Amino acid sequence: MNNDKLIVIKRIKEFCFDVDAIVINFPKKEFLIKEKILNDGLDILESVVYINYIKSESDVVSYKFNLLTKISMLNFYLEYLVHKNIINKKIFNKLGRELNEISRLIYGWLKNEC
């Protein structure tokens, strides 16, 4: 694994830990969104690790676009939580910055291999 991939993995892990610390206090009625956020974060981490073992260039590109889609959805879920007053703007901004950093790293990774 090269350093770019390690940085992406490190940032995704940090995001997952930060999200886990926040969603633990969600109301029970928001169980589905809580699970979706946690699962998508872990799916992103799993996909980055999996990409390292794929040999087909087209599959790698496809997985990277899938990662970017999941990140966009995570951003939407966070917006939804702000709208419902479940998280505040400060938390939204912190997690949003982390997602933007992960997206930027994946876009750079995508450009390097295309």
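Procedures and definitions
- Residues numbered from 1 in each chain as written.
- Predicted model: local features only at pLDDT ≥ 70, side-chain atom pairs only at ≥ 80, totals over all residues.
- Heavy atoms only, no water.
- Axes fitted to C-alpha atoms, helices over the stretch in contact; angles between N-to-C directions.
- Helix = DSSP H or I, 4+ residues; strand = E, 2+ residues; numbered from the N terminus.
- Parallel < 35°, antiparallel > 145°, perpendicular 65-115°, else oblique.
- Left-handed = near helix turned anticlockwise from the far one by under 90°.
- Contact = heavy atoms within 4.5 Å.
- Nonpolar A, V, L, I, M, F, W, Y, C, P; charged D, E, K, R; others polar.

Trainee: With reference to specific residues and values, describe the packing of helix α2 (residues 31-51) against helix α3 (residues 57-83).
Mentor: One can describe the packing of α2 onto α3 by two numbers: an axis separation of 10 Å at closest approach and a directional angle of 160°. Between α2 and α3, the angle is such that the two are roughly antiparallel. Every pair of crossing elements has a handedness; the one defined by α2 and α3 is left-handed. Of α3, the residues touching α2 (which contributes I33, K36, I37, D40, G41, D43, I44, S47, V48, Y50 and I51) are V60, Y63, K64, L67, K70, I71, L74, Y77, Y80 and L81. Among the residues forming the contact of α2 with α3, the class breakdown is 14 nonpolar, two polar and five charged.

Trainee: Just give me the short version of the environment of R11, but keep the residues and values in it.
Mentor: Turning to its location among the elements, R11 is positioned in helix α1 (residues 3-23). When the C-alpha atoms of R11 and E101 are compared, they prove to be 7.8 Å apart, with 90 residues separating the residues in sequence.

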